[in-house]
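Chain and residue survey
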There are 2 protein chains.
Amino acid sequence: MTRERKGLVVVNTGNGKGKTTAALGVLFRAWGRGMRVRVFQFLKHTGSRFGESRAAEKLDIPWSALGDGFTWLSKDMDRTRALAREQWERCREALLADDHDVIVLDEFTYPLHYGWIPVDEVLDTLRARPHMLHVIITGRNAPEGLIAFADLVTEMREVKHPFREQGIKAQPGLEY
Amino acid sequence: MTRERKGLVVVNTGNGKGKTTAALGVLFRAWGRGMRVRVFQFLKHTGSRFGESRAAEKLDIPWSALGDGFTWLSKDMDRTRALAREQWERCREALLADDHDVIVLDEFTYPLHYGWIPVDEVLDTLRARPHMLHVIITGRNAPEGLIAFADLVTEMREVKHPFREQGIKAQPGLEY
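Let us look at the structure shown here.

Before going further, it helps to examine the relation of the copies chain B and chain A. The transform that puts chain B on chain A rotates by 180° and translates by 0.0 Å along the axis, for an RMSD of 0.0 Å. Taken together, the turn and the small shift mark the pair as related by a two-fold rotation axis. When the interface residues of chain B are mapped onto chain A, 100% of them again lie at the interface, so the same face is used by both copies.

What follows covers the interface of chain B and chain A. How big an interface is tends to be stated in terms of the accessible area lost upon association of its parts. On the side of chain A, 66 residues touch chain B, which itself brings 66 residues to the contact. Each partner contributes to the roughly 6,000 Å² buried at the junction of chain B and chain A, and carbon and sulfur atoms together form 58% of this total. In this structure, Glu155 of chain B and Arg157 of chain A form a salt bridge, with 2.4 Å as the shortest nitrogen-oxygen distance. Our count for the chain B to chain A interface comes out at twelve residue pairs in polar contact (both at pLDDT 80 or more). In terms of residue count, helix H1 (residues 19-32) of chain B provides more of the side of chain B that touches chain A than any other element does, twelve residues in total. For the side of chain B that touches chain A, the residue count by class is 33 nonpolar, 15 polar and 18 charged. Where strand S6 (residues 152-160) of chain A lies against strand S6 (residues 152-160) of chain B, seven bridges are found, and the strand directions are antiparallel.

Time to look at the packing of helix H1 (residues 19-32) of chain A against helix H2 (residues 51-59) of chain B. Contact pair H1 of chain A / H2 of chain B: the axes reach a minimum separation of 7 Å and the direction vectors enclose 75°. As judged from the angle between their axes, H1 of chain A and H2 of chain B are roughly perpendicular. Only Gly51, Glu52, Arg54, Ala55, Ala56, Lys58 and Leu59 of chain B of H2 of chain B make contact with H1 of chain A, whose side of the interface consists of Phe28, Arg29, Trp31 and Gly32 of chain A. Classifying every residue of the contact of H1 of chain A with H2 of chain B gives five nonpolar, two polar and four charged.

Rules and cut-offs
Residues numbered from 1 in each chain as written. Chains lettered and ligands numbered in written order. Predicted model: local features only at pLDDT ≥ 70, side-chain atom pairs only at ≥ 80, totals over all residues. Heavy atoms only, no water. Least-squares fit on C-alpha atoms with pLDDT ≥ 70 in both. Contact = heavy atoms within 4.5 Å. Buried area = accessible area lost by both parts, 1.4 Å probe. Salt bridge = Lys/Arg side-chain N within 4 Å of Asp/Glu carboxyl O. Polar contact = N/O pair within 3.5 Å; in protein donor to acceptor, adjacent residues only side chain to side chain. Helix = DSSP H or I, 4+ residues; strand = E, 2+ residues; numbered from the N terminus. Nonpolar A, V, L, I, M, F, W, Y, C, P; charged D, E, K, R; others polar. Pairing = 2+ DSSP bridges. Axes fitted to C-alpha atoms, helices over the stretch in contact; angles between N-to-C directions. Parallel < 35°, antiparallel > 145°, perpendicular 65-115°, else oblique.

Have a look at this one:
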């Protein structure tokens, strides 16, 4: 058995909680080791002030969110799509530069799932990235091609959820 | 539907990756909001220098590990059990004091699963904790009673794992 050291492509998918949160945990851990980390968020509103972006700011972790808060009710889908493409262009540049140890592409599965960004284009970029660069991709409905390519895939499966079952509000700090 | 605000008991269980990591992500997020967070680790070697404990040190997050690196090959099970009990006594004190917003009990399911700490004793303590305190418990084989009591339970299910499938070494920063 070879005991190779190389950058991994990690996918956190499934309908349960913890996909983005586990990516943040890796960030925390890698930052603790002095590694160069960076986050790109898709879809979420540019300028949203969640706990994670506040923490990143305090720790000087580069954090780029570009989106218009896409939901199923979004009216201007062309704009949502264009922002996702634009964000992907920035990611691609960062993935190919040799400036980081861990890059998180948060909620990136959605533009792939909807066909706004071709999966093949993404796999080509991942193949061309520096050998030791870890990439973490989060979101539901990770496309088959990405799962086949990834080194480590975890499905977060919802066993019990307080919103639906008890009518509990999302809690700051815990969930955003 | 009531929209209550209260501290949640969160359980990350299952055989996949991301249980501890997602707890670290909550820590990162909550710390970003200026919340008072604290971690208790079970079983892991006291004084282990993982990326997460280094990050916690830099951020001044209280981090208590007490254990002797329990594995299936451990020779002195009495000692392992005694350390787990001792760590639980410390946790109980912290859970009942009104000093924190989020407390992580990492790998806490194991001493419960092995019967070293009675589940009922833990549930009584959780019931008696301050109303707004979030508690995150990680580890495989979460006992039924804990799952029934918890507000949010996620199973991390392994879809693809690089160690077994490709013979890749655990990567610092990413996994520890």
